[in-house]
Amino acid sequence: MESCEDLSLEALSDNDYVKQGFCLWINNEPLKAIEFLEKRNESLSVEYGAALLQFFNALISFDRNKIGDASLLLRELERKCTPEQGWFKSIRTKLFGEQRDFASRKSILNELEREIILADVLLCSSILIGISCDVSSYIKAALILRRVWKIYNQVFKEIHELCTEYFAEGSQMDIGK
């Protein structure tokens, strides 16, 4: 296992870069960790890591300003993860279900990652809403948790379907294609 400073930052994948940011945060450098992750925010997973660290800082400190900043960052990330769809498409989706046409397995994995990040962001938002300690915020947090459960359940079904297809084929699954 490498220490926090062993690897060159340019050679790191996005997930390893986020791990380095969390390593900084765990080593009691929360501001440096957030700045580190905000340097490379062109990736959704790196941006999610920075939002998660903001959420942890807000939750630990219980400072209203930090909670507001974390909520704002989580809302922005939620907008990035939510697919843009118009009124007609949303009605068609509700009536006929969502028709997904993925060109490759890589696009399937990217879509599943985006949905999981959306669910995690909504979960963090519901926690921040719920800690405000009034009845209306509890209800709002519960409704968001219901939405989160539906997203997690949908992702689970899609992953389960992919696994059954994979094991039914009996072939090797090439993730990169």
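Residues numbered from 1 in each chain as written. Predicted model: local features only at pLDDT ≥ 70, side-chain atom pairs only at ≥ 80, totals over all residues. Heavy atoms only, no water.

Focus: the pattern of salt bridges
Should the charged atoms of two oppositely charged side chains come close, the side chains can pair. This is how the line gets drawn: We define a salt bridge as a side-chain nitrogen of Lys or Arg found within 4 Å of a carboxyl oxygen belonging to Asp or Glu. A run of DSSP states H or I qualifies as a helix once it reaches four residues; a run of E qualifies as a strand once it reaches two. Both are numbered from the N-terminal end. Three labels apply to residues, based on accessible area from a 1.4 Å probe with only protein chains included: buried if under 20% of the type maximum, exposed if over 50%, partly exposed otherwise in between.
Taken as a whole and assessed by the stated rule, the structure comprises six salt bridges. Close ionic contact of arginine 40 with aspartate 14 constitutes a salt bridge, the shortest N to O distance being 3.0 Å. You can see arginine 40 sitting in the loop between helix H2 (30-38) and helix H3 (44-61) and its partner aspartate 14 sitting in helix H1 (residues 14-26), a full 26 residues away along the chain. The buried category is assigned to arginine 40, whose relative accessible area is 14%. Note on aspartate 14: relative accessible area 26%, which makes it partly exposed. Across the pair arginine 147 and glutamate 78 runs a salt bridge whose closest N-O atoms are separated by 3.3 Å.

Side note on H2
Quick reminder: α-helices carry 3.6 residues per turn. Residues three or four places apart thus point the same way. Under the convention used in this document: Throughout, the arc means that of the directions going from the helix axis to the C-beta atoms. Residue contacts follow a heavy-atom distance rule, with two residues in contact if any of their heavy atoms lie within 4.5 Å.
Listed as buried for H2 are Ala33, Ile34, Phe36 and Leu37. The arc that holds every buried residue of H2, seen down its axis, measures 160 degrees, which confines them to one face. Exposed residues lying more than 90 degrees from the buried face of H2 are Leu31 and Glu35. In this structure, the buried residues of H2 make contact with H1 and H3.

Some details on the packing of aromatic side chains
Rules: Pairing of aromatic side chains requires ring centres within 6.5 Å, counting the rings of Phe and Tyr and the six-membered ring of Trp. Pairs whose planes differ by under 30 degrees are stacked, by over 60 edge-to-face, and all others tilted. Any Lys NZ or Arg CZ found within 6 Å of a ring centre and within 35 degrees of that ring's normal is scored as a charge over the ring.
In the structure shown here, the tally under the stated rule is four aromatic pairs. With a centroid separation of 5.4 Å and 35 degrees between ring planes, the pair formed by tryptophan 25 and phenylalanine 56 is classed as tilted. Here the residue tryptophan 25 occupies a position in helix H1, and phenylalanine 56 occupies one in helix H3, the gap between them amounting to 31 residues. Of the residues examined, phenylalanine 56 reaches a relative accessible area of 26% and is grouped as partly exposed. Each ring, one from phenylalanine 55 and one from phenylalanine 56, has its centre 5.7 Å from the other, and the planes form 50 degrees; the classification is tilted. Cation over ring: arginine 40 sits above tyrosine 17, and NZ or CZ is 4.5 Å from the ring centre.

Overview of the packing of H1 against H3
Applied cut-off: Orientation is described by axes fitted as lines to C-alpha atoms, over the contacting stretch for helices, and by angles from 0 to 180 degrees between their N-to-C directions. Note on angle classes: values under 35 degrees are labelled roughly parallel, values over 145 roughly antiparallel, values of 65 to 115 roughly perpendicular, and the remainder oblique. Here a crossing is called left-handed whenever its near helix is offset anticlockwise from the far helix by less than a right angle, and right-handed whenever the offset is clockwise. Gly is put with the polar residues, along with every residue not named as nonpolar or charged; the nonpolar set is Ala, Val, Leu, Ile, Met, Phe, Trp, Tyr, Cys and Pro, and the charged set is Asp, Glu, Lys and Arg.
Axis separation between H1 and H3 bottoms out at 9 Å; the angle between their running directions is 20 degrees. It follows from the interaxial angle that H1 and H3 lie roughly parallel. Read as a crossing pair, H1 and H3 show a hand that is right-handed. Contacts between H1 and H3 involve Asp14, Asn15, Tyr17, Val18, Gly21, Phe22 and Trp25 from the former and Ser45, Val46, Gly49, Leu52, Leu53, Phe56, Asn57 and Ile60 from the latter. The residue makeup of the contact of H1 with H3, split by class, is nine nonpolar, five polar and one charged.

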